[in-house]
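A closer look at the structure
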Amino acid sequence: MSYKFQVTKTQESSLSKVDFNNIPFGKTFSDHMFVADYIHGEWTNLSIVPVAKIQVHPGNMAWHYGQAIFEGMKATRDAAGHALLFRPELHAKRMNASARRMCMPELPEDLFLQAIHTLVDMEKAWIPPAAGSALYIRPFMIAMDETIGVKASETYKFIIFVMPVGPYYTNPVKLLAQDTYVRAVVGGVGEAKTAGNYAASLLPATMARKEGYDQVMWLDGVHKKYIQEVGTMNIFFVINDEVVTPNLDGAILDGITRNSMIALFKDKGYKVTERPITIDEVMDAGKNGSLIEVFGTGTAAVVAPVSHLKYKDQVLELDMNKRNLSKWAYETINGIRNRTIEDKFGWIVEA
Ligand code: COI
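Residues numbered from 1 in each chain as written. Predicted model: local features only at pLDDT ≥ 70, side-chain atom pairs only at ≥ 80, totals over all residues. Heavy atoms only, no water.

**What about the packing of helix α6 (residues 256–267) against helix α8 (residues 324–337)?**
- Packing of α6 against α8 brings their axes to within 11 Å, and their N-to-C directions diverge by 110°. Classified by the angle their axes make, α6 and α8 are roughly perpendicular. Two secondary-structure elements touch here, α6 through T257, S260, M261, L264 and F265 and α8 through L325, W328, A329, T332, I333 and I336.
- Broken down by class, the residue content of the contact of α6 with α8 amounts to eight nonpolar, three polar and no charged. (Axes fitted to C-alpha atoms, helices over the stretch in contact; angles between N-to-C directions. Helix = DSSP H or I, 4+ residues; strand = E, 2+ residues; numbered from the N terminus. Parallel < 35°, antiparallel > 145°, perpendicular 65-115°, else oblique. Contact = heavy atoms within 4.5 Å. Nonpolar A, V, L, I, M, F, W, Y, C, P; charged D, E, K, R; others polar.)

Shown next, in the form of structure tokens:
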């Protein structure tokens, strides 16, 4: 089905003010956003408008009871200037999985995709040209009822806005395994891309930063020994010649970069295992020399090598000269994204 969007263009583009060689992550926004309202059980007011503040009542239920979900995806460009999207259909499906868990309405996948395509096509001049940079796309949905009382809202707003970004991490990351606070338990909301999961990471991440670490590595909420993910990404370990990543147990985010990496590594001939992995196994592998590489993956972070891992009073320092797989992974996914490397899996679509 094709949807009709009401389009209002900005009178004054701010594109000329952007320095594409120096774009801090998440602070520079393009000119237009897509907006839709969920009222009386249907998505309506489908429009593209200049980016502007939205008016929200103090009784807005998203603020009080946390019905807020989002996605993160990227648009890149090829040498011919085509705007490219990476596996957008998986983002549409994951947005709806988050919506179901948070008792929010789903968006028809074709509406989500048409909105992304139309907005990115309109804003394609905002896609930074440098490899590793991209137009970060942030679709999100929030409750809009003005009611104090714990129940699902009946009205919602869905917005997509986009921003040119450079790398999320500019240096290898230092991780602190968290054994006091937990992110999620099976049956909770860990698998949903909901705002509260990120709010829950802020105190431990701040504590980690005070100790000189960039992010928290989460352990499971029951035994506090199985590794789940990092505050901003999924996690991979190369132990001898095996690539290991925690299995999707319902408590960790089903990362689209994670999924793509598994396919790329398998295609390259690696043995990739999705299984429970304990922090003790990793620390032991670090001590006996079998831990070759640790890296995180995510839309924002892409592939981020880990240089240090702390657990209790032990610190592992990873040899950054051995980061062959993560380097290859980073270059390959960026190459697929700007069509300098063959897209064997058919992940790229033109906006
Ligand atoms: C993403 O990787 O897109 C996320 O949503 C995580 C956040 C750190 C930006």
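Moving on, there is more to tell.
**Some remarks on the pattern of salt bridges**
- All told, the structure shown has 18 salt bridges when counted by the stated rule.
- In this structure, the salt-bridge partner of K124 is D121, at a minimum N-O distance of 2.9 Å.
- On the basis of relative accessibility, which here comes to 37%, the residue D121 falls in the partly exposed class.
- Between E274 and R258 there is a salt bridge whose closest N-O contact spans 2.8 Å. Remark: R258 occurs in helix α6 and E274 occurs in strand β14 (residues 271–274); sequence separation between them is 16 residues.
- Overlapping salt bridges bring together E242, K271, R275 and E281 as one network. (Salt bridge = Lys/Arg side-chain N within 4 Å of Asp/Glu carboxyl O. Buried < 20%, exposed > 50% of the residue type's maximum accessible area, 1.4 Å probe, protein only.)

**A few points about the packing of aromatic side chains**
- All chains considered together, the criterion is met by 19 aromatic pairs.
- Measuring from centroid to centroid gives 5.7 Å for F29 and F161, while their planes differ by 45°, and the two rings are tilted. You can see F29 sitting in the loop between β1 (6–7) and β2 (32–39) and its partner F161 sitting in strand β8 (residues 156–165), a full 132 residues away along the chain.
- Classification of F29 as partly exposed rests on a relative accessible area of 35%.
- When the centroid spacing of 4.7 Å and the interplanar angle of 10° are considered together, the rings of F345 and W347 count as stacked.
- Look at W347 and you get buried, because its relative accessible area is 5%.
- One aromatic cluster is present, built from ring pairs that chain together F5, F34, Y38, W43, F112, Y156 and F158.
- Of note, R337 hangs over the ring of F86, and the distance from its end group to the ring centre comes to 4.8 Å. (Phe/Tyr/Trp six-rings, centres within 6.5 Å; stacked < 30°, edge-to-face > 60°. Lys NZ or Arg CZ within 6 Å of the ring centre and 35° of its normal.)

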